[in-house]
Amino acid sequence: QYNLGEAYQLGSGVDQNSKEAFKWFKLAAEQRLAPAQAVLGYLYREGLGVTQDNKKAFKWFLLAAEQENGVAQNAVGNLYENGDGVPQDYKEAVKWYNLAAKQENVTAQYNLGIMYRYGRGVQIDHKEAAKWLQLAAEQGEADAQLELGKAYFKGQGVPQDLTEAFKWTKLA
């Protein structure tokens, strides 16, 4: 069911059809398949093949996140951070970003670094911010590279180093 949903979503071997893809992903998601639940969350969030609905997106992302799906954990964090479909709650966002970041989700590592850098849901901690931004930057996350360059320029969480600042900013 999941594979059929993917085929319809991508138009692989069949005509691309978001509504048909949604139908198959939903059948797989209802059987507790975490990747299908995460995709369903994405489809609801973006309004692909279904009416856009952040509350339903949250429901499906959360089901996948509770099964330790890193993509879904990051998405739950993002919904909490922005107050989309749920009340805005930076502490909950940090909790979910942290779970996803520890699973090497690059976007979550960047998001967690930003939360620490600006004190959203946690105390400002430039050293912790730099740690997560470095992990994401080393994996090619351009926004993390830029933020890490700023950290080196200002000496926030890392020793001030204009060479490193230039290197990371240029990579971004």
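Below is a short write-up of the structure. (Residues numbered from 1 in each chain as written. Predicted model: local features only at pLDDT ≥ 70, side-chain atom pairs only at ≥ 80, totals over all residues. Heavy atoms only, no water.)

1. Regarding the overall build of the chain
Here is step 1: From N to C terminus, the chain includes ten helices and zero strands.
Here is step 2: Mapped from its N terminus to its C terminus, the chain presents α and β elements in the order α-α-α-α-α-α-α-α-α-α.
Here is step 3: Out of the 172 residues belonging to the chain, those deemed buried represent 42%.
Here is step 4: A sequence separation of at least 24 residues applies to 41% of the contacts in the chain between residues at least 6 apart.
Here is step 5: Summing over all exposed atoms, the chain offers an accessible surface of approximately 9000 Å²; the carbon and sulfur share of this is 48%.
Here is step 6: In the chain, the 19 positive side-chain charges and the 21 negative ones have mean positions that sit 3 Å from each other. (Helix = DSSP H or I, 4+ residues; strand = E, 2+ residues; numbered from the N terminus. Buried < 20%, exposed > 50% of the residue type's maximum accessible area, 1.4 Å probe, protein only. Contact = heavy atoms within 4.5 Å. Areas by Shrake-Rupley, 256 points an atom, 1.4 Å probe, with all protein chains shown as cover. Lys, Arg positive; Asp, Glu negative; His and termini not counted. Charge placed at Lys NZ, Arg CZ, Asp CG, Glu CD.)

2. Re the nonpolar core
Here is step 1: The biggest cluster of nonpolar side chains holds 37 residues, and the ones touching the most others in it are L40, F61, V76, Y80 and L112.
Here is step 2: Elements with a contribution of two residues or more to this core: α2 (18–29), α3 (34–46), α4 (54–65), α5 (70–82), α6 (90–101), α7 (106–118) and α8 (126–138).
Here is step 3: Ranked by size, the runner-up nonpolar core spans 13 residues in total, among them A137, A144, L148 and A151. (Core = buried A, V, L, I, M, F, W, Y, C linked by side-chain atoms within 4.5 Å.)

3. Regarding the environment of P35
Here is step 1: Within the element layout of this structure, P35 appears in helix α3.
Here is step 2: Given the relative accessible area of 35%, P35 is considered partly exposed.
Here is step 3: C-alpha separation for the pair P35 and W168, spaced 133 residues apart in sequence, amounts to 33 Å.
Here is step 4: When sequence neighbours within four positions are dropped, the list of residues in contact with P35 reads Y2 and N69.

4. Some thoughts on α3
Here is step 1: Compared with an ideal rise of 1.5 Å per residue, which puts 13 residues at 18 Å, α3 spans 18 Å between its outermost C-alpha atoms and is within 8% of the ideal.
Here is step 2: Within α3, burial applies to A34, A36, Q37, A38, L40, G41, L43 and Y44.
Here is step 3: Each element contacted by the buried residues of α3 is listed here: α1 (2–10), α2, α4 and α5. (Expected span 1.5 Å × (residues − 1).)

5. A short note on the packing of aromatic side chains
Here is step 1: All chains considered together, the criterion is met by three aromatic pairs.
Here is step 2: Considering the side-chain rings of F58 and Y80, the 5.3 Å spacing of their centres and the 80° angle between planes classify their relative orientation as edge-to-face. Here F58, found in helix α4, pairs with Y80, found in helix α5; they are 22 residues apart in sequence, far enough to count as distant.
Here is step 3: According to the relative accessible area criterion, Y80 is buried, its value standing at 15%. (Phe/Tyr/Trp six-rings, centres within 6.5 Å; stacked < 30°, edge-to-face > 60°.)

6. Here we look at the packing of α6 against α7
Here is step 1: At a minimum axis distance of 8 Å, the contact between α6 and α7 shows a crossing angle of 140°. Considering the angle they form, α6 stands oblique to α7. Note that α6 runs across α7; the crossing there is left-handed. Contacts from Y90, A93, V94, Y97, N98, A100 and A101 in α6 reach A108, Q109, N111, L112 and M115 in α7.
Here is step 2: Class assignment of the residues belonging to the contact of α6 with α7 gives a composition of nine nonpolar, three polar and no charged. (Axes fitted to C-alpha atoms, helices over the stretch in contact; angles between N-to-C directions. Parallel < 35°, antiparallel > 145°, perpendicular 65-115°, else oblique. Left-handed = near helix turned anticlockwise from the far one by under 90°. Nonpolar A, V, L, I, M, F, W, Y, C, P; charged D, E, K, R; others polar.)

7. Notes on the environment of Q1
Here is step 1: Locating Q1 in the fold gives a position in the segment before α1.
Here is step 2: Overall, Q1 belongs to the partly exposed group, its relative accessible area being 40%.
Here is step 3: Every residue in contact with Q1, bar those within four places of it in the chain, is listed here: W24, L27, A28 and Q31.
Here is step 4: At a separation of 2.6 Å, a polar atom in the side chain of Q1 contacts the side chain of Q31. (Polar contact = N/O pair within 3.5 Å; in protein donor to acceptor, adjacent residues only side chain to side chain.)

8. Quick notes on the pattern of salt bridges
Here is step 1: The tally for this structure, following the rule as stated, stands at nine salt bridges.
Here is step 2: A salt bridge links E92 to K95; the nearest nitrogen and oxygen atoms lie 3.7 Å apart. Here E92 and its partner K95 are both found in helix α6, three residues apart, which amounts to about one turn of the helix.
Here is step 3: Residues joined in a network through salt bridges with shared partners are R117, E147 and K150. (Salt bridge = Lys/Arg side-chain N within 4 Å of Asp/Glu carboxyl O.)

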